[in-house]
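Chains, contacts and geometry: an overview
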Amino acid sequence: MKIESLDVLKAKEQLDLQEQKRRDDTFNSLISINKQISELGVFPALGWVWCFDIIKDIFDNHQEVDADVTDEVIPSGVTLKQIFDKFYFDIDGLGIDMDLGGEVLEEVIRDWMFENDLLMIVEEEEDV
């Protein structure tokens with residue numbers, strides 16, 4: 001029979017309480033998110049959330065060129081709202097559905113952004 005010290009048992013109980021709080025906080029957050037998604041005026045709402053998350057990630061991570069990471073950049077002056085407005089009207093022609101995998105969906109969105117000059121490749125400057 002294994003006997004644990006009182007301190008070890010208290011530590012486990014505290015950890016369990018912390019994990020329960022994290023679980024409950026996560027549940028409450030998901031309820032709130034689910035409510036917000038269900039109130040979106042677009043269908044399928046989860047698909048829109050997924051697409052917007054990809055667009056926002058590209059936008060946030062391509063504000064300036066970092067040659068060590070990427071040679072892609074959002075053109076100066078282009079806003080996230082402008083990208084969303086264009087996407088809102090173009091989405092039906094992109095063939096996007098919930099069956100696309102994440103990598104394919106990101107590729108479709110990235111290609112669309114390139115085609116609409118919302119993302120561009122910065123050419124390397126040649127040393128003269």
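Residues numbered from 1 in each chain as written. Predicted model: local features only at pLDDT ≥ 70, side-chain atom pairs only at ≥ 80, totals over all residues. Heavy atoms only, no water.

1. A closer look at the confidence of the model for the protein chain
Note that predicted coordinates carrying low pLDDT should not be read in detail. Residues at a pLDDT of 70 or more form 83% of the protein chain, whose mean pLDDT is 86. Ranking the elements of the protein chain by mean pLDDT puts helix α1 (residues 6-38) last, at 84, and helix α3 (residues 80-90) first, at 97. (pLDDT = per-residue confidence, 0-100. Helix = DSSP H or I, 4+ residues; strand = E, 2+ residues; numbered from the N terminus.)

2. Overview of the environment of F84
Looking at the secondary structure, you find F84 in helix α3. Judged by its relative accessible area of 26%, F84 is partly exposed. Residues in contact with F84, not counting those within four places in the same chain, are W48 and F52. (Buried < 20%, exposed > 50% of the residue type's maximum accessible area, 1.4 Å probe, protein only. Contact = heavy atoms within 4.5 Å.)

3. Focus: the pattern of salt bridges
In this structure the tally under the stated criterion is nine salt bridges. For R22, the salt bridge is made with E19, and the minimal N-O distance between the two is 3.1 Å. Here the residue R22 and the residue E19 both occupy positions in helix α1, the gap between them amounting to three residues, near one helical turn. Of the residues examined, R22 reaches a relative accessible area of 54% and is grouped as exposed. Given a relative accessible area of 40%, E19 falls into the partly exposed group. Taking the shortest distance from any N to any O, the salt bridge between E106 and R110 comes out at 2.7 Å. (Salt bridge = Lys/Arg side-chain N within 4 Å of Asp/Glu carboxyl O.)

4. Here's the deal with the packing of α3 against helix α4 (residues 102-115)
α4 packs onto α3 with a crossing angle of 110 degrees between their chain directions and a minimal axis gap of 12 Å. As the angle between them shows, α3 and α4 are arranged roughly perpendicular. Residues I83, K86, F87 and D90 of α3 form the contact with α4, whose participating residues are I109, W112 and M113. A per-class count over the contact of α3 with α4 returns five nonpolar, no polar and two charged. (Axes fitted to C-alpha atoms, helices over the stretch in contact; angles between N-to-C directions. Parallel < 35°, antiparallel > 145°, perpendicular 65-115°, else oblique. Nonpolar A, V, L, I, M, F, W, Y, C, P; charged D, E, K, R; others polar.)

5. Topic: the nonpolar core
Core analysis: the largest hydrophobic core is formed by 18 residues, its most contacted members being I58, I74, I83, F87, I109 and M113. Breaking this core down by element, the ones donating at least two residues are α2 (45-61), α3 and α4. The greatest single-element share of this core, amounting to six residues, is contributed by α2. (Core = buried A, V, L, I, M, F, W, Y, C linked by side-chain atoms within 4.5 Å.)

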